[in-house]
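# Understanding the architecture of this molecule
Spelled out from the first residue to the last, the chains are:
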Amino acid sequence: MGEGIGVRVLNSYKLFVILRETMKKLVSAIFIILFISSVSFGAGIDDAFLNKINAASSKDEISAIVYMKDKLSRAGLPVKLKDKIAAMDEFSKSSQARVMDSIEKARAKHAIKQIKRFWIFNGFSVTSDKEFMLTLLKRADIEKIEENSLLSLPPEPKDAAI
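Our subject in this report is the structure included herewith. These numbers come from a predicted model, not from an experiment. (Residues numbered from 1 in each chain as written. Predicted model: local features only at pLDDT ≥ 70, side-chain atom pairs only at ≥ 80, totals over all residues. Heavy atoms only, no water.)

Attention now goes to the pairing of strand β2 (residues 62-68). Burial analysis of β2 places 6 of its 7 residues in the buried class, which makes it a mostly covered element. With 6 bridges connecting them, β2 and strand β4 (residues 123-128) associate as antiparallel partners. By the bridge assignment for β4, Y67 is matched with G123. In the sheet, β2 pairs with strand β5 (residues 142-147) via 5 bridges, with the strands oriented antiparallel. (Buried < 20%, exposed > 50% of the residue type's maximum accessible area, 1.4 Å probe, protein only. Helix = DSSP H or I, 4+ residues; strand = E, 2+ residues; numbered from the N terminus. Pairing = 2+ DSSP bridges.)

In structure tokens, the structure reads:
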């Protein structure tokens, strides 16, 4: 009977070692997949918009809203509205400085039609060619990129009471 318990303990230990090694490999594989996916695109993007960019020709204009990763802590903002706006604008300018420099340098090579900075959130809108939009996607300082398109409200119901 003592021999049976020893064999069971040994088999349990072997199973534990096999499971531990399998878990190490699984965790390593997950980290590799996450690393590869983060290297390909630094910014988040909707699959439908990415497909639209990839399907575009090199001459097509693509319009997007770009959200920077840096976030302003609202806790330390001034109380006065004018001072609050100035602080938010200064934060956005500072955070966007490197990407704006790269945009200015890229103007000679790419068709960059429009840039509009925002201070109410840390971001900007851009209309450019496909190649430059794909370049923006790879930047580590950009959180996400969304298609800049017109949105419309649904028609008001005819029997709506106010």
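Let's shift gears to the pattern of salt bridges. All told, the structure shown has 12 salt bridges when counted by the stated rule. Ionic pairing is found between K144 and E146, a salt bridge with its closest N-O pair at 3.2 Å. Classification of E146 as partly exposed rests on a relative accessible area of 32%. A cluster of three or more residues bridged by salt bridges with shared partners is formed by R20, E21 and K24. (Salt bridge = Lys/Arg side-chain N within 4 Å of Asp/Glu carboxyl O.)

Moving on, we get to the side chain of Q96. Structurally, the position occupied by Q96 is in helix α3 (residues 81-106). Since its relative accessible area comes to 0%, Q96 is described here as buried. Separated by 3.1 Å, the side chain of Q96 and the backbone oxygen of G123 make a polar contact. Non-local contacts of Q96, meaning those with residues more than four positions away in its chain, are made with M68, R117, F118, N122, G123 and F124. (Polar contact = N/O pair within 3.5 Å; in protein donor to acceptor, adjacent residues only side chain to side chain. Contact = heavy atoms within 4.5 Å.)

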